[in-house]
Amino acid sequence: MSVQVAGAPPHDHVVSMYDDSEELARHVSDFLGQGLDADGAAVVIATPAHREAVAARLSEHGLDVTALIAAGRYRALDAAQTLASFTIDGVLDRNRFTEVIGDVIAAASAGHRSVRAFGEMVALLWADGDPGAAIELEAMWNELARSRQFLLYCAYPRDILAGADDLVRLQQVCAHHSEIVAPDSYTVARAELEPSVDPDTDSRIFVPVPSAASAARRFVTGRLGEWQHDPAVIDDAALVVSELAANAVAHAHTAFRIRVSQIEGAVRIEAEDLSPRRPVLGTDRGSAVGGRGLILIAALGSRWGTEPDPAGHAKNVWCEIPSSGLREGI
């Protein structure tokens, strides 16, 4: 599936990465409930399971969903069917999208009501292996926001985005939104990491939010603990990855990938982001990318450096920390 749609700046467009359906229902019901409590309207374009879960939580909060539906203040649509209504021969049609979704928003806003909408059609496209179409659909929503007033909440399962191979695609998702909501797992430790496919290296990508630094730290320390590295090495790695991730969020302002590897005599921590700005050692954090944090990285690592993208649009900052390791061959 492919589309050609001009982009528009994001406006009142929130995106959430969520760990599980319970977390999604909680966040979405809070978002929609704020509008409904203020006599606004809500539109839900979701899978059957998620429509049911959101409605149940709204009811738990004291809202009469049946009465809201009768009053025209709550409308729930099936995500797959709605997506199909503006898909022609496997291609998203911009005019049909504007007509279909525009009419839904217009009906919900009757009587000058404010409208809050939740949609996960983009997540369906991504899950079907077409992230390009998902990103173009995000752009369509932004175009529609130029002529219709509404607040939009989109959501993707964390596993879909965090496991993406294409860092650029994830950044495009972030760029089409005015606010990014990180999953609960960024701030709350969850179950242990799944075993890595490669016994000596693993990577994960993160959205550019402050809590990503702690999530990246838990990822690296968890993996090094699984690989049975010395606690002192893990502590040093925690400091290094925290600094690299924080710099990606604060200075690059892009999605980023953290990679941890065990090599001969060392563990290697890498942070890849989509900014061409190269880190520079300095004593003033505000004077250069990295600042004093890079002094810490240089002190902890036996080697560190920056590898710019050949096209000059990205970079990879890395640090090697000495480690005798406990695995055979390390």
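Above this note sits the structure.
It should be emphasised that the depicted structure is a prediction, and the values quoted were computed from it without experimental measurement.

(A) Quick peek at the nonpolar core. One finds Ile101, Leu137 and Trp141 to be the most contacted residues of the largest nonpolar core, which totals 76 residues. The biggest single contributor to this core is helix H11 (residues 231-252), with 9 residues. Here leucine 137 is in contact with Leu83, Phe86, Leu92, Phe97, Met121, Val122 and Leu125, once residues within four sequence places are set aside. Core analysis: the second largest hydrophobic core is formed by 20 residues, Ala46, Leu63, Tyr74 and Tyr153 among them.

(B) Molecular detail of the packing of helix H7 (residues 131-144) against helix H9 (residues 167-175). At a closest axis distance of 9 Å, the pairing of H7 and H9 adopts a crossing angle of 15°. Taken together, the axes of H7 and H9 lie roughly parallel to each other. Here H7 runs over H9; the crossing is left-handed. Two secondary-structure elements touch here, H7 through Pro131, Gly132 and Ile135 and H9 through Arg169, Gln172 and Val173.

(C) Fine view of the environment of aspartate 165. Of note, aspartate 165 is situated in the loop between helix H8 (158-162) and H9. Classification of aspartate 165 by relative accessible area gives exposed; the value is 74%. C-alpha separation for the pair aspartate 165 and arginine 204, spaced 39 residues apart in sequence, amounts to 9.1 Å.

(D) Representation of the sheet that holds strand E9 (residues 201-206) in the model. Strand order in this open sheet of 5 strands is E9-E10-E11-E15-E14, and the pairing throughout is antiparallel. For this open sheet the edge positions go to E9 and strand E14 (303-308), each flanked by a neighbour on one side alone. The average angle at which neighbouring strand axes cross in this sheet is 15°, direction not considered. For strand E10 (residues 256-263) and strand E11 (residues 266-273), the ladder comprises 8 bridges, and the chain directions are antiparallel. By the bridge assignment for E11, valine 260 is matched with isoleucine 269.

(E) Just H11, in detail. For H11, built from 22 residues, the straight-helix expectation of 32 Å at 1.5 Å per residue is met to within 8% by its first-to-last C-alpha distance of 30 Å. Measuring from the backbone nitrogen of alanine 232 back to the side-chain oxygen at the start of H11 gives 2.8 Å, which picks out aspartate 230 as the cap. Positioned one or two residues after H11, histidine 253 has a phi angle of 60°, which is positive.

Conventions adopted
- Residues numbered from 1 in each chain as written.
- Predicted model: local features only at pLDDT ≥ 70, side-chain atom pairs only at ≥ 80, totals over all residues.
- Heavy atoms only, no water.
- Core = buried A, V, L, I, M, F, W, Y, C linked by side-chain atoms within 4.5 Å.
- Buried < 20%, exposed > 50% of the residue type's maximum accessible area, 1.4 Å probe, protein only.
- Helix = DSSP H or I, 4+ residues; strand = E, 2+ residues; numbered from the N terminus.
- Contact = heavy atoms within 4.5 Å.
- Axes fitted to C-alpha atoms, helices over the stretch in contact; angles between N-to-C directions.
- Parallel < 35°, antiparallel > 145°, perpendicular 65-115°, else oblique.
- Left-handed = near helix turned anticlockwise from the far one by under 90°.
- Pairing = 2+ DSSP bridges.
- Expected span 1.5 Å × (residues − 1).
- Polar contact = N/O pair within 3.5 Å; in protein donor to acceptor, adjacent residues only side chain to side chain.

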